[in-house]
Amino acid sequence: MPIHRNRIAGPEDTEPIENQECQTAILPNGDRHDNRKLDQIRPIFCRAGAVSQAVGSAYIELANTKIICAVYGPREVANKHEFNIQATLSCELKFATFSCQRRRRHIQDSQEKEYSQIVVQALEPVIRLDKYPKSQIDIFITVLQNDGSVLASAITAASIAIADSGIEMFDVAVGCCLRRIENLSLIDPTYLEEEGHLNNESEDDVVVNANITIALLPSLNQVSALIMNGELDGNPTQKIINDCLEGCMRIYPVVQECLTKRLQEKALRN
Amino acid sequence: MAAEVGVAVIPGQRLGDMDQYSAGSGTYIKQRHIYASLAGYKDIISQAGQLPMIQIKATKASNTLPLIGTVVTAKVLSVNPRFCRVLIICIGTMPLKEPFRGTIRKEDIRATEKDKVILYDCFKPGDAVLAEVISLGDPRSYYLSTAKNELGVVFAKSKAGYRMIPISWTQMQCPNTEKTELRKVARVKYWID
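### Some remarks on the nonpolar core
The nonpolar side chains of a soluble globular protein tend to be buried with one another.
In step 1: Within the largest apolar cluster, 94 residues are counted, with the highest numbers of intra-cluster contacts made by Val119, Leu123, Ile139 and Ile141 of chain A together with Ile104, Phe123 and Leu144 of chain B.
In step 2: Broken down by element, this core gets its largest block of residues, 10 residues, from helix 2 (residues 150-165) of chain A.
In step 3: Each residue touching Ile139 of chain A, except ones within four places of it in the same chain, is listed here: Cys69, Ala70, Val71, Leu89, Ser90, Cys91, Glu92, Leu123, Ala158 and Ile162 of chain A.
In step 4: By size, the runner-up hydrophobic cluster in this structure holds 8 residues, among which are Ile34, Ala36, Ile54 and Ile56 of chain B.

In structure tokens form, the structure reads like this:
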């Protein structure tokens, strides 16, 4: 359906209703808006093998953020002109049209294309591509509900799906997101904390305001992706990155348990 | 060879030292330690005269690729005087979810008298053949060969539409019309007994 370009925009000095007022990042008692502590991660539910027709799949929920991922491959390369001695990894991340506060388009927009590229960059060093010459591994990620930390959870879901599919990997990549506002670090932000206008102690002029996502390989202790949006001061950056890495380490046991449970399920079926 | 039942491991978990074990399938080595590269069960196999081998038993092997040397089952799609195009549908005994493309070149059909081969008298579209992967080939297809006695046509329909029975290694006969057709037949145990 074509976009309606003839909608009346309204008088020039008006603002759309959706623009929220500035809110405080934390409540007066020191907790966040969803009653979490500053360094508390939301409870995670994840399940491998959610999509039966895919070679590997995973479903992850971080409270209200819900993401499903399916992996197909290694299969024949679609582009018949290139010869690659390694497997080609491709990812398509899509927000469902009903997943965000504003309805999203059916076609992938630039943010989704960027996220897809980041997931590929985060997983390319982890998968043993040299074991599957002249083939293609496709990852399809669908975000069913967006309540913040989407990129981090998408990376985690993709790793679980690939491990479930039996494609060899060096390690699982675990993603974690952190929002920094002035001197507050909010781990695993919700949509409000990620996208909303937040201030600290009723000051509207916020200087340090950044969103960081890190993908960590826990066993090898290496970082495969680090994405930062916003402005950060040089001094606390080291501590911020360490806090985010610590968040990843706390998510790792959940990933381990999810895959172990899936192995037991498969063993019982055979 | 004795095997010990192991614990469930996920990719990246450390399994042992290189001084005590050797690395088997589903593992990799980094800085003299053996790590898992699959999600599966740890298996320790003791070998005579060598260090015991650690391998990971994956629960399914459905993501196999046609490796050089594997025997595959392929369906002939089209035939031309120089080569025939096939669709690889099974690798060994494992049927594939998604097929791969293959090519059998004229010189790879028989082991003897390679230049005197008439391709249309060896394969016809719709035949099922057993072939061996000889090369990764070009971006469009794998290269296969049927230059062994046990490779070649295992299933073919006659012009009348009935499944043919082999009467020699170059001929198959339709049971209904009793007409013979030329094929490069596989010397499969099913027909010898």
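### Looking at the pattern of salt bridges
Where side chains of opposite charge bring their charged atoms close, a pairing between them can arise.
Residue and element names in this part refer to chain A.
In step 1: Inspection of the entire model under this criterion finds 27 salt bridges over all chains.
In step 2: A salt bridge links Glu193 to Arg32; the nearest nitrogen and oxygen atoms lie 2.9 Å apart. Remark: Arg32 occurs in the loop between strand 1 (23-24) and strand 2 (44-48) and Glu193 occurs in helix 3 (residues 191-195); sequence separation between them is 161 residues.
In step 3: Relative accessible area serves as the criterion here: at 0%, Arg32 is assigned to the buried category.
In step 4: Residues Glu112 and Arg104 are paired through a salt bridge, measuring 3.7 Å at the closest nitrogen-oxygen approach. Here Glu112 and Arg104 have matching classes, each one buried.

### Things to note about helix 2 of chain A
Residue and element names in this part refer to chain A.
In step 1: With 16 residues, helix 2 should reach 22 Å at 1.5 Å per residue; the first-to-last C-alpha distance of 22 Å fits that figure.
In step 2: With respect to burial, helix 2 is a largely interior element, 16 of its 16 residues being buried.
In step 3: Downstream of helix 2 by one or two residues, Gly166 has phi in the positive range, about 85°.

### Thoughts on the interface of chain B and chain A
In step 1: With 34 residues of chain B at the contact, the number on the chain A side is 40 residues.
In step 2: Across the interface of chain B and chain A, roughly 3000 Å² is buried in total on both sides, 57% from carbon and sulfur atoms.
In step 3: The tally of links between chain B and chain A comes to 1 salt bridge.
In step 4: Where Glu98 of chain B meets Arg75 of chain A, a salt bridge forms, and the shortest distance between an N and an O atom there is 2.8 Å.
In step 5: Seen at the junction of chain B and chain A, the total is 13 residue pairs in polar contact (both at pLDDT 80 or more).
In step 6: When residues of the side of chain B that touches chain A are traced back to their parent elements, those giving at least two are strand 2 (8-9), strand 5 (27-30), strand 6 (33-36), strand 7 (40-45), strand 11 (94-105), strand 12 (128-138) and strand 13 (141-145) of chain B.
In step 7: When residues in the side of chain B that touches chain A are grouped by element, the largest group, 5 residues, is from strand 11 of chain B.

### A few points about helix 4 (residues 237-269) of chain A
For an α-helix the count is 3.6 residues per turn, leaving residues at separations of three or four pointing the same way.
In step 1: Between its first and last C-alpha, helix 4 of chain A extends 48 Å over 33 residues, near the 48 Å set by a 1.5 Å rise per residue.
In step 2: At Ile251 of chain A, helix 4 of chain A shows its maximal kink, close to 25°; a proline, Pro253 of chain A, follows between one and four residues later.

### Quick notes on the sheet that holds strand 3 (residues 56-62) of chain A
Residue and element names in this part refer to chain A.
In step 1: Taken together, the 5 strands give an open sheet; going across it, the order is 2-3-4-6-5, and neighbouring strands pair in mixed fashion. Two strands lie at the open edges of the sheet, namely strand 2 and strand 5 (88-95), each paired on one side alone. Averaged over all pairs of adjacent strands, the angle between their axes in this sheet comes to 15°, without regard to strand direction.
In step 2: Across 8 bridges, strand 4 (residues 65-75) lies against strand 6 (residues 136-145) in antiparallel orientation. Pairing of Cys69 across the sheet is with Ile141, part of strand 6.

### Details of the sheet that holds strand 11 (residues 222-231) of chain A
Where strands meet in a sheet, backbone hydrogen bonds hold them as pairs that are either parallel or antiparallel.
Residue and element names in this part refer to chain A.
In step 1: Read from one edge of the open sheet, 4 strands run 8-7-10-11, paired in antiparallel fashion. Each edge of the open sheet carries a strand with a single partner, namely strand 8 (184-187) and strand 11. Averaged over neighbouring strand pairs, the angle between their axes works out to 20° when direction is ignored.
In step 2: Judged from the 4 bridges that link them, strand 7 (residues 174-181) and strand 8 form a sheet pairing that is antiparallel.

### Things to note about the packing of helix 1 (residues 110-123) of chain A against helix 2 of chain A
All names here are of chain A.
In step 1: The contact between helix 1 and helix 2 brings their axes to 10 Å, and the two run at 50°. Between helix 1 and helix 2, the crossing angle belongs to the class labelled oblique. Classified by chirality, the crossing of helix 2 by helix 1 is right-handed. Where helix 1 approaches helix 2, its residues Tyr115, Ile118, Val119, Ala122 and Leu123 are matched on the opposing element by Val150, Leu151, Ala154, Ile155, Ala158, Ser159 and Ile162.
In step 2: When grouped by side-chain class, the residues that make up the contact of helix 1 with helix 2 number 11 nonpolar, 1 polar and no charged.

### Describing the packing of aromatic side chains
A ring pair, where both rings are aromatic, is described by two values, the distance of the centres and the angle of the planes.
Residues and elements named next belong to chain A.
In step 1: Applying the stated criterion to the full structure yields 6 aromatic pairs over all chains.
In step 2: Measuring from centroid to centroid gives 6.3 Å for Phe45 and Tyr59, while their planes differ by 65°, and the two rings are edge-to-face. On the criterion of sequence distance, the pair formed by Phe45 in strand 2 and Tyr59 in strand 3 is long-range, its members being 14 residues apart.
In step 3: Under the relative-accessibility criterion, Tyr59 is labelled buried at 16%.

Conventions we followed
- Residues numbered from 1 in each chain as written.
- Chains lettered and ligands numbered in written order.
- Predicted model: local features only at pLDDT ≥ 70, side-chain atom pairs only at ≥ 80, totals over all residues.
- Heavy atoms only, no water.
- Core = buried A, V, L, I, M, F, W, Y, C linked by side-chain atoms within 4.5 Å.
- Buried < 20%, exposed > 50% of the residue type's maximum accessible area, 1.4 Å probe, protein only.
- Helix = DSSP H or I, 4+ residues; strand = E, 2+ residues; numbered from the N terminus.
- Contact = heavy atoms within 4.5 Å.
- Salt bridge = Lys/Arg side-chain N within 4 Å of Asp/Glu carboxyl O.
- Expected span 1.5 Å × (residues − 1).
- Buried area = accessible area lost by both parts, 1.4 Å probe.
- Polar contact = N/O pair within 3.5 Å; in protein donor to acceptor, adjacent residues only side chain to side chain.
- Bend = angle between axes of the 7 residues up to and from the residue.
- Pairing = 2+ DSSP bridges.
- Axes fitted to C-alpha atoms, helices over the stretch in contact; angles between N-to-C directions.
- Parallel < 35°, antiparallel > 145°, perpendicular 65-115°, else oblique.
- Left-handed = near helix turned anticlockwise from the far one by under 90°.
- Nonpolar A, V, L, I, M, F, W, Y, C, P; charged D, E, K, R; others polar.
- Phe/Tyr/Trp six-rings, centres within 6.5 Å; stacked < 30°, edge-to-face > 60°.

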